[in-house]
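# Working through the structure, step by step
Listed below, chain by chain, are the residues.
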Amino acid sequence: TLTFYHPSLAWDGVCCLMADGLTPYEPTASGIAAANTWPIGSVLFVCGPSKRCLSLEVRDKGLGGDAWVDVSEKDFLVLVGSLRPGRASVTVEALE
């Protein structure tokens, strides 16, 4: 399942760093993800219903369960085509 970070988590100088302790969350960021199934630093190849795919580096832990990937609004739009569904089924392959 693919979801996107809520805009309230965007970096404001104080909040919110990802679990890697280095990466601030930006809604326009690309190539980063939160996931519980894969360790921080893993690279995931994610393909969405838009038939587009992205390589994403896990830099945060998510709130979802297994095989749940949370991405920026920008990457969600690429993979799904619209923010409206809020979640989507995707295929995920761990590259590293």
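Scroll up for the structure.
Now for a quick tour of the structure. (Residues numbered from 1 in each chain as written. Predicted model: local features only at pLDDT ≥ 70, side-chain atom pairs only at ≥ 80, totals over all residues. Heavy atoms only, no water.)

### Regarding the state of the cysteines
Defined as follows: By definition, disulfides here are pairs of cysteine sulfur atoms that lie within 2.5 Å. Each residue is assigned to one of three classes by its accessible area relative to the maximum for its type, calculated with a 1.4 Å probe on protein chains only: buried under 20%, partly exposed between the two thresholds, exposed over 50%.
Across all of its chains, the model carries one disulfide by this definition. Here Cys47 is linked by a disulfide to Cys53, with a sulfur-sulfur distance of 2.0 Å. Note on the Cys47 and Cys53 pair: the S-S dihedral is about 110°, so by sign convention the disulfide is right-handed. A residue is classified by how much of its surface remains accessible, and Cys53, at 31% relative accessible area, is partly exposed.

### Let's talk about the pairing of strand S4 (residues 53-60)
We count it as follows: A pair of strands counts as paired when DSSP detects no fewer than two bridges linking them. By definition, any uninterrupted DSSP run of H or I lasting at least four residues is a helix, any uninterrupted run of E lasting at least two residues is a strand, and each is numbered from the N terminus.
For strand S2 (residues 32-35) and S4, the ladder comprises three bridges, and the chain directions are parallel. When the sheet's bridge partners are listed, Ala34 is paired in S4 with Asp60. As paired strands, strand S3 (residues 43-47) and S4 are joined by five bridges and run antiparallel to one another. Within S4, the residue paired with Val46 across the bridge is Leu54. Counting the residues that bridge the hairpin from S3 to S4 gives five residues, and of these Lys51 lies at a positive phi of roughly 70°.

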